[in-house]
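# Structural overview
Residue-level listing of the chains:
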Amino acid sequence: MSCPFCEADEAVLGNELAYAKYDAYPVSPGHLLVIPRRHAADWFDLTEAEQSSIFLLISEAKQMLDAKFSPDGYNIGINCGGAAGQTIFHVHVHLIPRYAGDVENPRGGVRGVIPEKRNYP
């Protein structure tokens, strides 16, 4: 089976070890994926250098998205393993721009992956 992320064909940003492209199924305008160039199943399979390159690219991507979309906030997320919702087993980091009013109550942010745990005191 071919990997949809092993080719950086739609990259909008990149460095030696990683690249960024728009998500094919965005949850908000500007939703980007930051992907290592080397095929690795999840975050814990990456080298320290690859992880650092991804974090640098996330910062660069944020600047680009700020200029292009003017979001009010961001969620950064990585799904590691099927139980965590990973469906493509080539690690990728979601950089999701958030906009005031895009959901009724954003409190809890990424905690919303388990809806009943989202709200807390």
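Presented here is an overview of the structure given in this document. All values reported here derive from a predicted model rather than from experimental measurement. (Residues numbered from 1 in each chain as written. Predicted model: local features only at pLDDT ≥ 70, side-chain atom pairs only at ≥ 80, totals over all residues. Heavy atoms only, no water.)

## Points about the layout of surface pockets
One way to see where empty space is left: roll a probe the size of a water molecule over the atoms. Roughly 560 Å³ of internal volume is contained in the largest pocket. Along the walls of the largest pocket sit 22 residues, with Asn-75, Ile-96, Gly-109, Val-110 and Val-113 positioned nearest its centre. Among the elements of the structure, β4 (73-78) and β5 (93-98) are those that each provide at least two residues to the lining of the largest pocket. The residue inventory of the lining of the largest pocket, partitioned by class, reads 11 nonpolar, eight polar and three charged. Lining of the second largest pocket is provided by Pro-4, Phe-5, Lys-21, Asp-23, Ala-24, Tyr-25, Leu-33, Thr-87, Ile-88, His-92 and His-94. (1 Å grid on protein atoms, 1.4 Å probe; cavity = no way out; pocket = protein on both sides within 12 Å on 5 of 7 lines; lining within 4 Å. Points joined across faces, edges and corners; volume = space filled by probe spheres on them. Helix = DSSP H or I, 4+ residues; strand = E, 2+ residues; numbered from the N terminus. Nonpolar A, V, L, I, M, F, W, Y, C, P; charged D, E, K, R; others polar.)

## Observations regarding the sheet that holds strand β3 (residues 32-36)
With antiparallel pairing, five strands are arranged side by side in an open sheet as β1-β2-β3-β5-β4. Each having just a single partner strand, β1 (13-14) and β4 make up the two edges of the open sheet. Across two bridges, the pairing between β1 and strand β2 (residues 18-22) is antiparallel. Bridge pairing links Gly-14 to Tyr-19 in β2. (Pairing = 2+ DSSP bridges.)

## Details of the environment of Asp-66
Assignment of secondary structure puts Asp-66 in helix α1 (residues 48-69). On the accessibility criterion, Asp-66 (27% relative accessible area) is partly exposed. Between the C-alpha atoms of Asp-66 and Phe-44, which are 22 residues apart in sequence, the distance is 29 Å. When residues no more than four places from it in sequence are discounted, the contact partners of Asp-66 are Pro-71 and Tyr-74. A distance of 2.4 Å separates polar atoms of two side chains, one belonging to Asp-66 and the other to Lys-62. (Buried < 20%, exposed > 50% of the residue type's maximum accessible area, 1.4 Å probe, protein only. Contact = heavy atoms within 4.5 Å. Polar contact = N/O pair within 3.5 Å; in protein donor to acceptor, adjacent residues only side chain to side chain.)

## Some words on the pairing of β5
Of all six residues in β5, six are buried; the element is thus mostly enclosed. Neither face of β5 is exposed, since Val-93, Leu-95 and Pro-97 on one face and His-94, Ile-96 and Arg-98 on the opposite face are all buried.

## Concerning the environment of Gly-85
Tracing the backbone shows Gly-85 in the loop between β4 and β5. Residue Gly-85 is classed as partly exposed on the basis of its relative accessible area of 42%. Sequence-wise, Gly-85 and Val-113 are 28 residues apart; in three dimensions their C-alpha atoms are separated by 9.1 Å.

## Some words on the nonpolar core
Note that soluble globular proteins tend to have their nonpolar side chains buried in a common cluster. By size, the foremost hydrophobic cluster in this structure holds 16 residues, and its most contacted members are Val-34 and Ile-54. For this core, the elements supplying multiple residues, two or more each, are β2, β3, α1 and β5. Counting residues per element, this core draws most heavily on α1, which supplies five residues. In this structure Val-34 touches Tyr-19, Ala-20, Ile-54, Leu-57, Ile-58, His-92 and Val-93, once residues within four positions along its chain are discounted. (Core = buried A, V, L, I, M, F, W, Y, C linked by side-chain atoms within 4.5 Å.)

Function cannot be read off these values alone, since they describe shape.
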